[in-house]
2 protein chains.
Amino acid sequence: MRSEKVTSVDVAKKAGVSQSAVSRVFTPGASVSPKMADKVLKAADELGYRPNVLARSLITGRSKIIGLVVAYLENQFYPDALEKLSTALQEHGYHILVFMVSNDDASVDKVMGELLDYQVDGIITASVGMSNALAARCSAAGVPVVLFNRGQDDERLNQVTSNNLAGGRKIAEFLLAGGHTKIAHIAGWSGSSTGRDREAGFRAGLAAAGVEPVACIDGMYKRETAAAAARELFSGKDRPDAVFVGNDHMAFAVMDVLRFELKLDVPGDVSVVGYDDVPLASWPAYDLTTLRQPSNRMVEATVSTLLGWIEEGSNDVRKIQIDGPLMIRGSARIPQGWPDERL
Amino acid sequence: MRSEKVTSVDVAKKAGVSQSAVSRVFTPGASVSPKMADKVLKAADELGYRPNVLARSLITGRSKIIGLVVAYLENQFYPDALEKLSTALQEHGYHILVFMVSNDDASVDKVMGELLDYQVDGIITASVGMSNALAARCSAAGVPVVLFNRGQDDERLNQVTSNNLAGGRKIAEFLLAGGHTKIAHIAGWSGSSTGRDREAGFRAGLAAAGVEPVACIDGMYKRETAAAAARELFSGKDRPDAVFVGNDHMAFAVMDVLRFELKLDVPGDVSVVGYDDVPLASWPAYDLTTLRQPSNRMVEATVSTLLGWIEEGSNDVRKIQIDGPLMIRGSARIPQGWPDERL
DNA sequence: GAAGTTTCTGCATACGTATGCAAATTGAAT
DNA sequence: ATTCAATTTGCATACGTATGCAGAAACTTC
């Protein structure tokens, strides 16, 4: 009942040819005559032979495996990205090996070690940073890294993000145009470039009109933290009339608190704007105005960067920023005559 | 700038021992003297040596890779399960290789072939069925399979589900006790055992009280299909006063239609009950009454089954059903004195 | 049909590790 | 010190595949 592996040697024997011939038939671009290919494929088919990827990778140095490091899948943005990444890579013959981490350096380091043990051809980190030591190790091992939705200064790391600065600014302009005067921000985790950049862009946008946010709290990209922040900001008498929340995942928590705990009307009493445009944002229950991170294009950029390094030996580090439109929906007051970018 | 692999041979040379000695130091349970271990570990450390998992698996026949086949991650139940599965397996030294499929046999067959090429130690399919031919191939290859959240009659396939029959019945009883008289069902995909079992249990529960559902539509586990079904069911004059929706993901779509398109009150006009208890179900915006699939225990059962086959050579096929409680929330009328199972 | 060119094939070896076997070392017991 | 057992080590080989090299075969061209 144990497995009965069929190897290229078996096929060779059955077809009456050499093992190398079999190998060549299954290696795209190798030199084989049609006759040979026929013979071999027939034998292979009868035996149910398929090349062993692991053995192959031992010799080619290519495993066809991409390591994905991710901290949590609760924020819908990430499963969505994972699905798209996996599908896109699959079309190129690669597959994703998943590594869950908690977002501290020790955990990332440990996991990344295991990752390299698998001889992955490349690494994608989703919303996870890397220590410099680690970046050095990957670089030394010749394994390209793309930070997906996270920036970092290291000169060895590719990165793909949305244009968070521009996005933050656009949201500031939108809220100002809507006539809001007391504008707050529940920010993304300050330990992340995305959180910092969105805040910086947002502040810059307000500052251009001589405005300052009435409050700015780190929501840590967590529902609970964001909810607590919302309670703090909006319980008092002199509450803000608008809030930009650092991502949709937190924005949902904030809206829940505003509506169901504090009985405030959104957008009547408070305008709420998020960031990401996850599928849930367009569901009528939230109908959230939010800045879209174009995950399709981000995935595309990630995959092409990675494959460029792996298959074409590229070695220019790319720091890609992709602009996204503001998705205007019902959770924030819409300024008179504001152009809808989606049109 | 290309990679400089350091192998066990390098370490052996540096430590002045044989390659086998190095191998043994890194093989748990092998016979090595403390002195030897010290020498080798020191050399390994200085060179930054780590064993090559792929080369190792070539010889041991164990890749430490588990293939996960999954159709879509939009339904929050699956990313949640994926996260838990991955974390649990990681603790045992295994990792998940992801394969996305569309849910038709051809796609599954193709992908499953690639899967076996990677010499995976085991396969988990999440909400995806398998052709018999495929089951046979996995079995012949000695690769254990666990169907997660999907049942199938094949005698070679392990499976872990919630008790869908009991769950469906429990929901019927709950709705009947609430005094509902016109009860409809927007069912899970009829091509899946979960969809069929939930419906069967639900019908049985109603039948026990001499009641029949006023309507029963296949929602295909898709938002759009479920929404269309809701429009059809609830647009007319003589609308149902309760609906059991085959999973939470569809139930959210149904609630959106009821509230925002048809301006009906939930649960005032219509009671809605879902199935899964994904995190979103407990958010106040939906506050969905739903039957919990205990994903923690389902994951635990999946992992222990799989590891039993892989590491202990178990070969009894397990068909595990796990009971879950009804999570009573605000989307359905609560019968007088109905016991809260969670207490 | 001979010479030259191109295409194809088999041989041998390599990838990085684990493991059976026998030799070498250690330790215990006399 | 000597014998015997137990432990540790190195040697050689195997896992399943890809590929450089040289020879064989096929095809051109005159």
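For the structure itself, consult the block above.
Residues numbered from 1 in each chain as written. Chains lettered and ligands numbered in written order. Predicted model: local features only at pLDDT ≥ 70, side-chain atom pairs only at ≥ 80, totals over all residues. Heavy atoms only, no water.

Asker: Can you help me understand the protein's contact with DNA strand C in this one?
Answerer: Around DNA strand C sit 26 residues, and of these Arg24 and Ser33 of chain A together with Ser8, Ser23 and Arg56 of chain B come closest. Restricting attention to atoms of DNA strand C within 4 Å of the protein, one finds that 57% of them are sugar or phosphate atoms. Here Ser31 of chain A contributes a side-chain N or O atom positioned 3.3 Å from a phosphate oxygen of DNA strand C. Between a phosphate oxygen of DNA strand C and a side-chain N or O atom of Ser33 of chain A, the distance comes to 2.7 Å. Looking at the surface near DNA strand C, the elements with two or more residues in it are helix H2 (19-25) and helix H4 (53-60) of chain A together with helix H2 (19-25) and helix H4 (53-60) of chain B. Classifying every residue of the surface near DNA strand C gives 10 nonpolar, 12 polar and 4 charged. (Near = heavy atom within 4 Å. Polar contact = N/O pair within 3.5 Å; in protein donor to acceptor, adjacent residues only side chain to side chain. Helix = DSSP H or I, 4+ residues; strand = E, 2+ residues; numbered from the N terminus. Nonpolar A, V, L, I, M, F, W, Y, C, P; charged D, E, K, R; others polar.)

Asker: Is there a simple way to explain the protein's contact with DNA strand D in this structure?
Answerer: In the vicinity of DNA strand D lie 26 residues, with Ser8, Ser23, Arg56 and Ile59 of chain A together with Ser33 of chain B positioned nearest. Contacts to DNA strand D include Ser23 of chain A, whose side-chain N or O atom sits 2.6 Å from a phosphate oxygen. A distance of 3.2 Å is found between a phosphate oxygen of DNA strand D and a side-chain nitrogen or oxygen belonging to Ser31 of chain B. Counting only elements with at least two residues in the surface near DNA strand D, the list comes to H2 and H4 of chain A together with H2 and H4 of chain B. Residue composition of the surface near DNA strand D, by class: 10 nonpolar, 12 polar and 4 charged.

Asker: Looking at this model, I keep getting lost on the packing of helix H1 (residues 8-15) of chain B against helix H3 (residues 34-47) of chain B. Mind explaining?
Answerer: For any two helices packed against each other, one specifies the crossing angle of their axes together with the interaxial distance. Residues and elements named next belong to chain B. As a packed pair, H1 and H3 sit with axes 9 Å apart at the nearest point and diverge in direction by 120 degrees. Comparing their axes, H3 and H1 come out oblique. Relative to H3, H1 is oriented so that their crossing is right-handed. Residues Asp10, Val11, Lys14 and Ala15 of H1 form the contact with H3, whose own contacting residues are Lys39, Val40, Ala43, Ala44, Glu46 and Leu47. Per-class residue counts for the contact of H1 with H3 are 6 nonpolar, no polar and 4 charged. (Axes fitted to C-alpha atoms, helices over the stretch in contact; angles between N-to-C directions. Parallel < 35°, antiparallel > 145°, perpendicular 65-115°, else oblique. Left-handed = near helix turned anticlockwise from the far one by under 90°. Contact = heavy atoms within 4.5 Å.)

Asker: Which parts of the structure should I look at to understand the nonpolar core?
Answerer: A general tendency of soluble globular proteins is for nonpolar side chains to be buried together. Formed by 117 residues in total, the largest nonpolar core has its most connected members in Val272 of chain A together with Val272 of chain B. Every residue in contact with Val272 of chain A, bar those within four places of it in the chain, is listed here: Val243, Val245, Ala251, Met255, Leu258, Val266, Leu288, Thr289, Ser331 and Ala332 of chain A. The next biggest cluster of nonpolar side chains, apart from the first, holds 50 residues, and it includes Leu134 and Val145 of chain A together with Ala71 and Val108 of chain B. (Core = buried A, V, L, I, M, F, W, Y, C linked by side-chain atoms within 4.5 Å. Buried < 20%, exposed > 50% of the residue type's maximum accessible area, 1.4 Å probe, protein only.)

Asker: Please clarify how the side chain of Asn247 of chain B should be interpreted in this entry.
Answerer: Residues and elements named next belong to chain B. With respect to the helices and strands, the residue Asn247 is situated in the loop between strand S8 (242-245) and helix H11 (248-261). Residue class for Asn247 comes out buried when judged on its relative accessible area of 2%. Excluding anything up to four places from it in sequence, Asn247 contacts Asn75, Arg198, Tyr221, Tyr275 and Asp276.

Asker: What should I look at first to understand empty space enclosed by the protein in this one?
Answerer: Any empty space left between the atoms is revealed when a probe the size of a water molecule rolls over them. In this structure the tally under the stated criterion is 5 cavities of 30 Å³ or more. Taken as a whole, the largest cavity spans an internal volume of roughly 160 Å³. What lines the largest cavity is a set of 20 residues, among which Glu74, Gln76 and Leu280 of chain A together with Gln76 and Leu280 of chain B lie closest to the centre. Residue composition of the lining of the largest cavity, grouped by class: 12 nonpolar, 6 polar and 2 charged. Space inside the second largest cavity adds up to approximately 80 Å³. Taken together, Tyr72, Asn75, Tyr78, Ser127, Asn149, Arg150, Thr194, Arg198, Tyr221, Asn247 and Asp276 of chain B form the lining of the second largest cavity. By residue class, the composition of the lining of the second largest cavity is 3 nonpolar, 5 polar and 3 charged. (1 Å grid on protein atoms, 1.4 Å probe; cavity = no way out; pocket = protein on both sides within 12 Å on 5 of 7 lines; lining within 4 Å. Points joined across faces, edges and corners; volume = space filled by probe spheres on them.)

Asker: Just to check I follow, could you spell out the environment of Arg297 of chain A for this structure?
Answerer: Residues and elements named next belong to chain A. Checked against the element boundaries, Arg297 lands in helix H12 (residues 295-312). Residue Arg297 is classed as partly exposed on the basis of its relative accessible area, which comes to 45%. Along the backbone, Arg297 and Ser162 are 135 residues apart, and their C-alpha atoms lie at a distance of 9.5 Å. Residues in contact with Arg297, not counting those within four places in the same chain, are Ile322 and Asp323.

Asker: Could you clarify how one ought to interpret the packing of aromatic side chains in this entry?
Answerer: Aromatic ring pairs: the centre-centre distance and the angle between the two ring planes describe each pair. For the coordinates displayed, the defined rule picks out 20 aromatic pairs over all chains. Pairing Phe244 of chain A with Tyr275 of chain A gives two aromatic rings, centres 6.4 Å apart and planes at 45 degrees, and the pair type is tilted. With Phe244 of chain A in strand S8 (residues 242-245) and Tyr275 of chain A in strand S9 (residues 271-276), this pair connects stretches of sequence that are 31 residues apart. Across this residue pair, the class does not change: Phe244 of chain A and Tyr275 of chain A are buried. Note on Phe252 of chain A and Tyr286 of chain A: the rings are 4.6 Å apart at their centroids and 45 degrees apart in plane angle, and the pair reads as tilted. Within this pair, whereas Phe252 of chain A is found in helix H11 (residues 248-261), its partner Tyr286 of chain A is found in the loop between S9 and strand S10 (289-292), the two being separated by 34 residues in sequence. The same class applies to Phe252 of chain A and to Tyr286 of chain A, which are both buried. Taken together, the ring pairs connect Tyr72, Phe77, Tyr78 and Phe148 of chain A into an aromatic cluster. Against the face of Trp283 of chain B rests Arg223 of chain A, its NZ or CZ located 3.7 Å from the ring centre. Looking at Arg198 of chain B, its charged tip hangs above the ring of Tyr275 of chain B, at a distance of 4.0 Å from the centre. (Phe/Tyr/Trp six-rings, centres within 6.5 Å; stacked < 30°, edge-to-face > 60°. Lys NZ or Arg CZ within 6 Å of the ring centre and 35° of its normal.)

Asker: Sorry if this is basic, but what is going on with the relation of the copies chain A and chain B here?
Answerer: Each copy of the chain is related to the other by a rotation around an axis and a translation along that axis. Mapping chain A onto chain B calls for a rotation angle of 180 degrees and an axial translation of 0.0 Å; the resulting RMSD is 0.1 Å. Such a turn and shift between the copies fits a two-fold axis. Taking C-alpha positions as the reference, the residue of chain A nearest the rotation axis is Leu97 of chain A, at 2.2 Å. A high fraction, 98%, of the interface residues of chain A reappear at the interface in chain B, so the copies pair face to face through one surface. (Least-squares fit on C-alpha atoms with pLDDT ≥ 70 in both.)

Purely spatial values, then, with no claim about function.
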